[in-house]
Amino acid sequence: MKEKRIAKTPFVIAFSVGSVLFSAHAGGGFATGNQANTYYVGLGWAGIVSAVIAMLLLTLTMRQAMVMYNSRGLTSYKQLFETLYHPFDKIEWLFEVFFYIMVLMAVAAAISGAASALQGYFGMNYYLGIAAVGAVVLVLTIFGAGIVRAASTYMGIAILITAITIYTVGIFKSDSAITSVLAADFTQRGFAGIPQAIVNAFTYAGFQCVTLPTMIACGTPLKNRAGCGKAMWISFAMNTVALVLSIFMLLSWQGVYTAVEGGTTIPTLTACNAMGIGWLTTVYGICLLLCLISTGVTTIFGFVARFEKLPMFRAIPSAPVRSAIVSAFIIVVSMTISLAGLSNIIKYGYGYCGYLGIAVVVIPFLTVGVYKNRAYIRAHGEAFPERQEETVPAAKPVAATRPAAQCD
């Protein structure tokens, strides 16, 4: 009997889906350098290993999620997690808890990062910066969210280009060659950092899973398991190169930015200042501010769309007023969290969310998810069914500002 031939996924489709995860991860939060400094740089050479493992865990998790979502023709992440956890469908609420807390952390990180950038460039008081950024985000969320959403992709591309330019220039401009830094670190610590490197890899992958709703929505053009794998291997390569480049640069300049008061808050900016390339520092600062603010606006706008329909807001007849109230509440909560500072948000806020993400998303998809997907495909074949109705895209996630400002 001849087996039905499975059509190959065109490279352009796989690349476009892979790029979504890349742009979600490598956004404004990633570009500050705080995430890489917090989770990898302190580990020395083992941080490179940790970063590679984290990106592998993240992309493998997303692959299983997209396979499960597309093979069954699901239409929401709620259905996805009910399928994953079945017969214990109600455990799906754990992802809801993780998702909303993580998004709040990401908005807080975006506000904190923008306030820290204003402090670094103009000497503005940090708390005054939080208030100013919060007010700007509120106004844009109510009156200019459409414009910001339309421009956010271009802002993301701009910050990514400038950040990678800084990483590349910084690696070669540093007085400490990266090979010498890594060799000295290995001589001093050997393999002692590997256990913590593995923990950090799982944690980082865990909080980056906040991007999952967007990934499954954008991954619907992938029509078979091989296509999902192809897209995620492309994304793995892109994310790993960008993340490792940032770690190389920060390791090379670690002695510089750690010696400056507040230099570890936005280490990429501190290193860029030390390089003495004025135009690059200026361009980076503008792009970083715009990208962080756009992250806050688009994320809050997604929140508003979800919460303004709750029964408690139905008594308010005016849609703009409802949106303004919900936006104001979310921004006040996020501003309150941002008082803790960017480094604390990323270390503790993202960190604890990462632990929850490991338990709720990463491990379940890489164990139960793999088993269920293989069993389902054996029974129904490799080709995914055609969708009768396209999924409504989820709100733009943060690359761990995420979240990872960026789960930016």
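Residues numbered from 1 in each chain as written. Predicted model: local features only at pLDDT ≥ 70, side-chain atom pairs only at ≥ 80, totals over all residues. Heavy atoms only, no water.

Draft legend 1. Inspection of the overall build of the protein at higher detail. Check the secondary structure of the protein and you find 17 helices and zero strands. In terms of overall dimensions, the protein is globule-like: its C-alpha atoms have a radius of gyration of 21 Å, near the 22 Å expected for 408 residues. Each principal axis of the C-alpha atoms in the protein carries an extent, and together these give about 65 × 60 × 35 Å. A total of 408 residues make up the protein; the buried ones form 54% of that total. Element-wise, carbon and sulfur atoms account for 68% of the exposed surface of the protein, whose accessible area totals about 17,500 Å². If you average the places of the 25 positive and of the 14 negative side-chain charges in the protein, the two averages end up 5 Å apart. (Helix = DSSP H or I, 4+ residues; strand = E, 2+ residues; numbered from the N terminus. Rg over C-alpha atoms; globule rule 2.2 N^0.38 Å. Buried < 20%, exposed > 50% of the residue type's maximum accessible area, 1.4 Å probe, protein only. Areas by Shrake-Rupley, 256 points an atom, 1.4 Å probe, with all protein chains shown as cover. Lys, Arg positive; Asp, Glu negative; His and termini not counted. Charge placed at Lys NZ, Arg CZ, Asp CG, Glu CD.)

Draft legend 2. Molecular detail of helix α6 (residues 92–122). Here α6 spans 45 Å end to end across 31 residues, near enough to the 45 Å set by a 1.5 Å rise per residue. The element α6 is largely enclosed, with a buried count of 22 among its 31 residues. Count one or two residues on from α6 and you reach G123, which has phi positive near 70°. (Expected span 1.5 Å × (residues − 1).)

Draft legend 3. Representation of helix α1 (residues 11–25). For α1, with 15 residues, the first-to-last C-alpha span of 21 Å sits near the 21 Å given by 1.5 Å per residue. When α1 is considered as a whole, its buried residues turn out to be A14, V17, G18, S19, L21, F22, A24 and H25. Of the surrounding secondary structure, the elements contacted by the buried residues of α1 are α2 (28–32), α4 (45–71), α8 (145–173), α10 (194–208), α11 (212–218) and α12 (225–252). (Contact = heavy atoms within 4.5 Å.)

Draft legend 4. Broad picture of a nonpolar patch on the surface. Taken together, the side chains of V199, Y348, Y352 and Y355 present a nonpolar region at the surface, about 440 Å² in accessible area. Mapped onto the elements, Y348 comes out in helix α17 (residues 342–380). (Patch = residues over 30% accessible without salt bridge, like charges linked within 9 Å, V, L, I, M, F, W, Y side chains within 5 Å. Salt bridge = Lys/Arg side-chain N within 4 Å of Asp/Glu carboxyl O.)

Draft legend 5. Examining the packing of aromatic side chains more closely. Within the structure shown, the criterion is met by 22 aromatic pairs. An angle of 40° between the planes, with centres 5.7 Å apart, marks the rings of Y77 and F99 as tilted. Separated by 22 residues along the polypeptide, Y77 in helix α5 (residues 77–85) and F99 in helix α6 bring together distant segments of the chain. Summarising the burial analysis for this pair, Y77 and F99 share the class buried. (Phe/Tyr/Trp six-rings, centres within 6.5 Å; stacked < 30°, edge-to-face > 60°.)

Draft legend 6. Structural view of the environment of L60. Considering the arrangement of structural elements, one finds L60 in helix α4. A residue is classified by how much of its surface remains accessible, and L60, at 27% relative accessible area, is partly exposed. Each C-alpha atom, one on L60 and one on C228, is 9.6 Å from the other, the two residues being 168 residues apart in sequence.

Draft legend 7. Broad picture of the pattern of salt bridges. In this structure the tally under the stated criterion is five salt bridges. We note a salt bridge from E92 to K78, for which the minimum N-O separation is 3.5 Å. Separated by 14 residues along the polypeptide, E92 in helix α6 and K78 in helix α5 bring together distant segments of the chain. With relative accessibility at 1%, the residue E92 sits in the buried group. A salt bridge links D185 to R189; the nearest nitrogen and oxygen atoms lie 2.7 Å apart. Here R189 and D185 lie together in helix α9 (residues 178–189), a separation of four residues that amounts to about one turn.

Draft legend 8. Main features of the environment of T214. Mapped onto the fold, T214 is located in helix α11. It is 8.4 Å that separates the C-alpha atoms of T214 and V20, two residues lying 194 residues apart in sequence.

Draft legend 9. The arrangement of the nonpolar core in detail. In terms of nonpolar packing, the biggest core is built from 116 residues, with L80, F81, L212, M249, Y350, V361 and F365 touching the most fellow members. Broken down by element, the residue count for this core peaks at 16 residues, all from α6. What L80 contacts, discounting residues up to four positions off in sequence, is A65, M68, Y69, L74, L212, I216 and F365. (Core = buried A, V, L, I, M, F, W, Y, C linked by side-chain atoms within 4.5 Å.)

Draft legend 10. Highlighting the confidence of the model for the protein. Across the protein, the average pLDDT comes to 88, with 93% of residues at 70 or higher. Contacts of residues 390–407 to residues separated by more than four positions or lying in other chains number 109 contacts, the stretch itself having pLDDT below 50. (pLDDT = per-residue confidence, 0-100.)

Draft legend 11. Molecular detail of the state of the cysteines. On inspection of all chains with the given rule, the structure shows zero disulfides. Unpaired in this structure, C228 has its nearest cysteine sulfur neighbour in C218, at a distance of 13 Å. Considering cysteine sulfurs only, C291 is the nearest to C287, which forms no disulfide, with 8.3 Å between them. (Disulfide = S-S within 2.5 Å.)

Draft legend 12. Expanded view of unusual backbone geometry. Note that the residue after H86, namely P87, is joined by a cis bond; omega there is 15°. If you trace the backbone, P87 turns up in the loop between α5 and α6.

Draft legend 13. Representation of the environment of T165. Considering the arrangement of structural elements, one finds T165 in helix α8. It is 8.6 Å that separates the C-alpha atoms of T165 and L280, two residues lying 115 residues apart in sequence.

Draft legend 14. Quick look at the side chain of S112. Tracing the chain through its elements places S112 in helix α6. On the accessibility criterion, S112 (0% relative accessible area) is buried. Of the polar contacts made by the side chain of S112, one reaches the side chain of Y126; its length is 2.6 Å. (Polar contact = N/O pair within 3.5 Å; in protein donor to acceptor, adjacent residues only side chain to side chain.)

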